[in-house]
Amino acid sequence: MHNIRPGLVLVLFTLLLGGTFQQTHAVPPAVTDSSMAYLKLLADPELYKGRKSGSEGGNASQMWIAVQFDRWGLQPLIDDSTLVRYPMLATVEKKAKLVLLDTERYDDLEFLLGDDYTVTVNSGSGKVTAPVVLVGHGISKPDKGWDDYGDADVSGKIVVILRGKPTSDEQWDDEYRRTYLLNEAKSRGAAGVLFYMGENVIGGAAIMEEAYSPDLPSAVIGERVLSHLFYGTGFTHEIYKRVLKNEPRVLEFGKRMRLETKVRRIEDGHGYNVAGVVPGTDPKLAKEAVLFGGHGDHVGPNALGHVYAGADDNGSGTVVVMELARVFAQNPQPRTMIFMIFGGEEQGLLGSRALAAELPETYDYITMVNLDMAGRGEGITGLGGGQAIPDLWYDFYASLSDSMRGQIQQRRSWGGFSSDHAYFREAGIPAFTAYSKGSHDHYHSTEDRYETIDTRAIGGSLSAISLWLETVASHPEPLTHPYQPERVVWHSGYGLRWAELSENLDTDLATSREFNHQGYVATVLTTYPPTNDIERELFEETLDHYRDRLELEDDLNLGEKLANVRGNAYNLRGTVFLAVEGDALTSADSTRMEFWDALGLHWIRLEQPTAWLGNGELRFDKQGIVRAWKTLDTIVELPLADAQEWLPLLPELGTVLFTGEWNAFAALDDDTRSELKDNGAHLLVRVPHADLPDAITATDQFHELQVHLQPVGDDYSETLSWIRLALDDGLEKEELKNWIGGHFGMW
């Protein structure tokens, strides 16, 4: 067992004295003390040395977990073993030194490994003495309007990069990655690369294999190193950041550093996943599988032998998965349950990527829950992702007791590739991100040890996640969905839906709630303005009633700004905008508009340009109300089909949203598009199924104008078929996500 100390395995099964976290469902409760016993082993800095995947300690910890899965009766998911090997780039940090030479105050200043800097995982080896140059964010994309390097020659120099993104409307996710940044610096002849990622340095920042260079040393520096570099330049970090907000700026420090790293590559590098199956008991439902996992690895020791034990990140999540694997192995459910401990998360989601690609076709995968960092807090567990399995999640959450709902905080799952759920989501499986709510103070530091773990957080995760897993695994009806991959994509977006305000508030809220469950995160309820005093009194009473009621709803919010939509959606709350058809309004309604705004009316829909403009200018009788809208920043919705006619009005307004179908967008000439962009107008385009091939050819224009796109029609299945057709017609998934949400996120 890779030098595991005698008797430590048995300790797990003798430390079960009390400490159970009481649960209210049918499955017997998981035991908090049991999880803590597992954690005491896994976070032992002497035993597993920080569980770095590819190292002896990291691979040994996964082997030990596989033994426990076998003991508890879990069956292999892949081939004939619960231990699943995958290849990976694996290295061992042997030596590091960072010195600022010939300083005015201290002569040669040697920085402290672990406090002032850390070596990146998979850094190359080298001993470099060279000038130091700061190149902003390290991004060179002239085609996107940003070039941090410009004409600077960084060949043979140590390059400093402040990781971040330019303050422009472009998307910079690809360029933000260390893979891009390191390769860019390497292509320009840099002799070494220093990343600044925040005031405090963290251990474990990894270089992916596609950027690995055995001769290029790289490290992460903290604020102390940066402040010494800025000293005497006339800049401070804050001044430089302010400059960088407006334009790229190369800064030659006029100083030299010595950077030395020695990193040994492990031959035949490999890591391990652990994956065990608890077969379902219902012949009709056992083909449907529920996945639950967390990463078991951390970042190991540094060159001084100081161990990053990773008790919270993610020993805590690992032991919750283990304990629930033990409990459910003894209490199998109608559906199959699969428990996974991933390796290589800290080095780029390597284990989960490998495992997601190997999932056997034996099962239909209903959902995946990924638990990352469950060791801090007071027992509240975040569960993000319910919107992607709406036919079960919303009823589940609504049915919780008040006390249990207080222990579960519902969210959207994390986007991007921030943790191991990502590759399961990309495989079309509704993926949850789970975590303990609280301050994870010792993130990627040597203080992340067993002694800092809060048992209330562990217990809360055991209780909350067990309840959700049992709910899915025991649901009596089939959960396989014909459009499941498409639903995962659609529910990552920000669809808007329109409906008429009815005479029944409960009906309108139920409609808005149903739209939200179908992936339309905002509903615009539209009515007509009053024409006399009696209608006005009723109109204002209605607004007041809707506003007050929405303040009391748990899952719906009154919308004020378009920016509210994303924040509400993140909390799985739908946004309801109250809107009025505004063509009949005049300057006489200006004062009333302020009152209506206070009552919750923040959206105006206009239809007729001639009602507002004459001879290309704003009509005199409309000037007062338009000024009121701009002062209040009221959302003004205009028809895209008449965009050119509306152009003279745009400078007079605040937030403008043009809506229309694909043919209206396609008819816009270049000058009109340019003016819409210059005036900050937002565009929402509905694309019929038949027009998708033509729309796909215009993706560059959508990106340039940050156009939000969504399907025509109200039927949920038709919406999902639109997603499938767009992908079948060749639209890349990431671009489709920009269509239905990414561009909206920039508004």
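Residues numbered from 1 in each chain as written. Predicted model: local features only at pLDDT ≥ 70, side-chain atom pairs only at ≥ 80, totals over all residues. Heavy atoms only, no water.

Once that is clear, we can look at the environment of threonine 610. Within the element layout of this structure, threonine 610 appears in the loop between β26 (601-605) and β27 (613-614). Between the C-alpha atom of threonine 610 and that of aspartate 583, which follows or precedes it by 27 residues, the distance is 9.5 Å. (Helix = DSSP H or I, 4+ residues; strand = E, 2+ residues; numbered from the N terminus.)

In the structure shown here, the tally under the stated rule is 38 salt bridges. A salt bridge links arginine 335 to glutamate 288; the nearest nitrogen and oxygen atoms lie 2.6 Å apart. Here the residue arginine 335 occupies a position in the loop between α8 (311-330) and β17 (336-342), and glutamate 288 occupies one in strand β14 (residues 288-295), the gap between them amounting to 47 residues. Each member of the pair, arginine 335 as well as glutamate 288, carries the same accessibility label: buried. With its nearest N and O atoms 2.9 Å apart, the salt bridge here joins arginine 592 to aspartate 589. (Salt bridge = Lys/Arg side-chain N within 4 Å of Asp/Glu carboxyl O. Buried < 20%, exposed > 50% of the residue type's maximum accessible area, 1.4 Å probe, protein only.)

This next bit is on the pairing of strand β9 (residues 158-162). Taking burial as the measure, the 5 residues of β9 include 5 buried ones, the bulk of the element. Residues Ile158, Val160 and Leu162 line one face of β9 and the alternating positions Val159 and Ile161 line the opposite face, and both faces are buried. Strand direction decides the pairing type here: strand β6 (residues 126-134) and β9, joined by 3 bridges, are parallel. Bridge assignment links valine 133 to a residue of β9, and that residue is valine 159. (Pairing = 2+ DSSP bridges.)

Next up on the list: the side chain of asparagine 516. Position of asparagine 516 relative to the elements: it lies in helix α15 (residues 505-517). Contact partners of asparagine 516, with chain neighbours within four places excluded, come to Tyr394, Val521, Asp555, Leu572, Arg573 and Gly574. (Contact = heavy atoms within 4.5 Å.)

This next bit is on the packing of helix α18 (residues 590-598) against helix α19 (residues 623-632). Look at α18 against α19: their axes get within 8 Å of each other, and the N-to-C directions meet at 30°. Relative to α19, the element α18 is oriented roughly parallel. Every pair of crossing elements has a handedness; the one defined by α18 and α19 is right-handed. Listed contacts from α19 to Ser590, Met593, Glu594 and Asp597 of α18 are Gly624, Ile625, Ala628, Trp629 and Leu632. (Axes fitted to C-alpha atoms, helices over the stretch in contact; angles between N-to-C directions. Parallel < 35°, antiparallel > 145°, perpendicular 65-115°, else oblique. Left-handed = near helix turned anticlockwise from the far one by under 90°.)

Moving on: the pairing of strand β21 (residues 431-436). By the criterion of burial, β21 is predominantly enclosed, with 6 of the 6 residues buried. Alternating positions in β21 separate into two faces, Ala431, Thr433 and Tyr435 on one and Phe432, Ala434 and Ser436 on the other, with burial throughout. As defined by bridge partners, strand β19 (residues 381-384) adjoins β21 across 4 bridges and the pair is classed as antiparallel. By the bridge assignment, leucine 383 is partnered in β21 with alanine 434.

Let us look at the packing of aromatic side chains. Two descriptors summarise a pair of aromatic rings, namely the distance from one centre to the other and the angle between the planes of the rings. Using the criterion set out here, one finds 29 aromatic pairs in the structure. Judged by centre distance (5.2 Å) and plane angle (50°), the ring pair of phenylalanine 432 and tryptophan 468 falls under tilted. In this pair, phenylalanine 432 is assigned in strand β21 and tryptophan 468 in helix α13 (residues 455-474), connecting sequence segments 36 residues apart. The class for tryptophan 468 is buried, based on a relative accessible area of 0%. Between tryptophan 490 and tyrosine 520, the aromatic rings sit 5.2 Å apart at their centres with planes inclined by 70°, giving edge-to-face as the arrangement. Of this pair, tryptophan 490 sits in helix α14 (residues 484-490) while tyrosine 520 sits in strand β23 (residues 520-527), and the two are 30 residues apart along the sequence. Across the pair, tyrosine 520 and tryptophan 490 agree in class, each one buried. Taken together, the ring pairs in this structure connect Trp393, Phe396, Tyr397, Phe432 and Trp468 into an aromatic cluster. Taking NZ or CZ as reference, arginine 497 lies 3.9 Å from the ring centre of phenylalanine 515, over its face. Note that arginine 673 overlies the ring of phenylalanine 665, its terminal NZ or CZ placed 4.7 Å from the centroid. (Phe/Tyr/Trp six-rings, centres within 6.5 Å; stacked < 30°, edge-to-face > 60°. Lys NZ or Arg CZ within 6 Å of the ring centre and 35° of its normal.)

Closest axis-to-axis distance for the helix α16 (residues 533-550)/α18 pair is 9 Å, and the angle between their directions is 30°. When the axes of α16 and α18 are compared, the pair comes out roughly parallel. Contacts between α16 and α18 involve Arg536, Phe539, Glu540, Leu543 and Arg547 from the former and Arg592, Phe595, Trp596 and Ala598 from the latter. Its residues assigned to classes, the contact of α16 with α18 shows 5 nonpolar, no polar and 4 charged. (Nonpolar A, V, L, I, M, F, W, Y, C, P; charged D, E, K, R; others polar.)

Let's shift gears to the confidence of the model for the protein. Averaged over all residues, the pLDDT of the protein equals 95, while 97% of them reach at least 70. Confidence, read as mean pLDDT per element, is least for helix α1 (residues 8-11) in the protein (35) and greatest for β17 (99). Across residues 1-24 the pLDDT falls below 50, and counting only partners more than four positions away or on other chains, this stretch makes 50 contacts in the model. (pLDDT = per-residue confidence, 0-100.)

Here we take up the nonpolar core. Core analysis: the largest hydrophobic core is formed by 71 residues, its most contacted members being Trp612, Trp629, Phe658, Phe665, Leu683 and Trp739. With 5 residues, the single largest contributor to this core is helix α25 (residues 716-728). When sequence neighbours within four positions are dropped, the list of residues in contact with leucine 683 reads Leu640, Leu657, Phe658, Phe665, Leu668, Leu676, Leu705, Gln706, Val707, His708 and Trp747. Residues Phe69, Leu74, Val290 and Ala473 belong to the second largest nonpolar core, which totals 61 residues. (Core = buried A, V, L, I, M, F, W, Y, C linked by side-chain atoms within 4.5 Å.)

Further remarks concern the sheet that holds strand β11 (residues 218-221). Whether parallel or antiparallel, the strands of a sheet pair through hydrogen bonds between backbone atoms. Pairing is mixed across the open sheet formed by 8 strands, whose spatial order is β4-β3-β12-β6-β9-β10-β11-β5. Lying at the two open borders of the sheet, with one neighbouring strand each, are β4 (107-110) and β5 (117-119). Looking at each pair of strands side by side, their axes are set apart by 30° on average, direction ignored. Inspection of the sheet shows strand β3 (residues 91-103) paired to strand β12 (residues 251-265) by 10 bridges, in the antiparallel sense. Bridge pairing links glutamate 93 to valine 263 in β12.

A word on unusual backbone geometry. Cis geometry marks the peptide bond from aspartate 313 to asparagine 314; its omega dihedral reads -5°. Its place among the elements puts asparagine 314 in helix α8. Of note, aspartate 79 is a non-glycine position whose phi angle comes to about 55°, a positive value. For aspartate 79, the location among the structural elements is in the loop between β1 (75-76) and β2 (83-87). Judged by relative accessible area, which is 73%, aspartate 79 ranks as exposed. Its identity is not glycine, yet asparagine 615 carries a phi of approximately 55°, on the positive side. Relative accessible area serves as the criterion here: at 84%, asparagine 615 is assigned to the exposed category.

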